[in-house]
Amino acid sequence: MFNSYMEDVRSFIDHDPAAHNPLEIILLYPGFKALRSHKRANWFYRHNMPFVARAISQRSAHNTGIEIHPGATIGKRVVIDHGHGIVIGETTEIGDDVMIYQGVTLGGTGKDEGKRHPTIESGVMIGAGAKVLGPITIGKNAKVAAGAVVVKDVEPNSTVVGIPGTVVKIDGERVDDLDQIHIPNPLMTAITSNQEQITELQNKVKELEEKLNENI
């Protein structure tokens, strides 16, 4: 158990350039505290003591601003950076080595029964303010950009941007976990392409006008 505890601490150090030492993470990082509280709450939940489980989770939510339902399944080396405003629903499943930033919602749509919340596979990064809704699957090593709203399955090694979320393949390779800014946006790519074509046409029209003026 101690090895697992220190493994979680090391994950925070690896993913947060601002982290100075393990003690700082253990005592001061709300994301770390929320995840440790969830482990306790989940134990009571799985042993048919839902009231105690909810009491632990609600106390943790009050102290950290991170609300994790005790029924959620969370893997190893998960990192919650900053974390304020995060909501993780009851039937959410999160794999190993997942990175979650502040303001993320892993929630339901209100229309589903049974499995109502997302499955986040290992190696996924979910950017600040992103919303992943419904019993969908975010594939391994996928990246959800800040502010994206995702309501459909996402293939592994993909990047999702926009509202609603649009999947963009990036040469089959994963983007740096810590970079939430330099993510290709298909809408902006299309706008830029159109603008380039318009500029090219304008230059051709200008050339034709100049030739006509020379011949007059």
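Before reading further, recall that the structure is shown in the block above.
Residues numbered from 1 in each chain as written. Predicted model: local features only at pLDDT ≥ 70, side-chain atom pairs only at ≥ 80, totals over all residues. Heavy atoms only, no water.

Enquirer: Break down the pairing of strand S14 (residues 158-161) for me, citing the residues and quoting the values.
Expert: Of the two faces of S14, the one carrying Ser 158 and Val 160 and the one carrying Thr 159 and Val 161 are both buried. In the sheet, strand S12 (residues 143-144) pairs with S14 via 2 bridges, with the strands oriented parallel. Counted as the bridge partner of Lys 143 is Thr 159 from S14. (Buried < 20%, exposed > 50% of the residue type's maximum accessible area, 1.4 Å probe, protein only. Helix = DSSP H or I, 4+ residues; strand = E, 2+ residues; numbered from the N terminus. Pairing = 2+ DSSP bridges.)

Enquirer: Give me empty space enclosed by the protein: which residues, what numbers.
Expert: Evaluation of the coordinates by the stated rule reveals 2 cavities of 30 Å³ or more. Of the volumes computed, that of the largest cavity is approximately 80 Å³. Taken together, Asp 8, Phe 12, Phe 32, Leu 35, Arg 36, His 38, Lys 39, Ile 74, Gly 75, Arg 77 and Val 78 make up the full set of residues lining the largest cavity. If you list the elements that add at least two residues to the lining of the largest cavity, you get helix H1 (2-15) and helix H3 (30-46). At 5 residues, H3 tops the list of elements feeding residues into the lining of the largest cavity. Its residues placed into classes, the lining of the largest cavity shows 5 nonpolar, 2 polar and 4 charged. (1 Å grid on protein atoms, 1.4 Å probe; cavity = no way out; pocket = protein on both sides within 12 Å on 5 of 7 lines; lining within 4 Å. Points joined across faces, edges and corners; volume = space filled by probe spheres on them. Nonpolar A, V, L, I, M, F, W, Y, C, P; charged D, E, K, R; others polar.)

Enquirer: I'd like a rundown of the packing of aromatic side chains, residues and numbers included.
Expert: Tallied over the entire structure, the rule returns 3 aromatic pairs. With a centroid separation of 5.6 Å and 85° between ring planes, the pair formed by Phe 12 and Phe 32 is classed as edge-to-face. Of this pair, Phe 12 sits in helix H1 while Phe 32 is found in helix H3, placing the two residues 20 residues apart along the sequence. Each of the two residues, Phe 12 as well as Phe 32, counts as buried. Residues Trp 43 and Phe 44 carry aromatic rings whose centres are separated by 5.1 Å and whose planes lie at 85° to one another, so their mutual orientation is edge-to-face. The partly exposed category is assigned to Trp 43, whose relative accessible area is 39%. You can call Phe 44 partly exposed: its relative accessible area is 23%. One aromatic cluster is present, formed by Phe 12, Tyr 29 and Phe 32 through successive ring pairs. (Phe/Tyr/Trp six-rings, centres within 6.5 Å; stacked < 30°, edge-to-face > 60°.)

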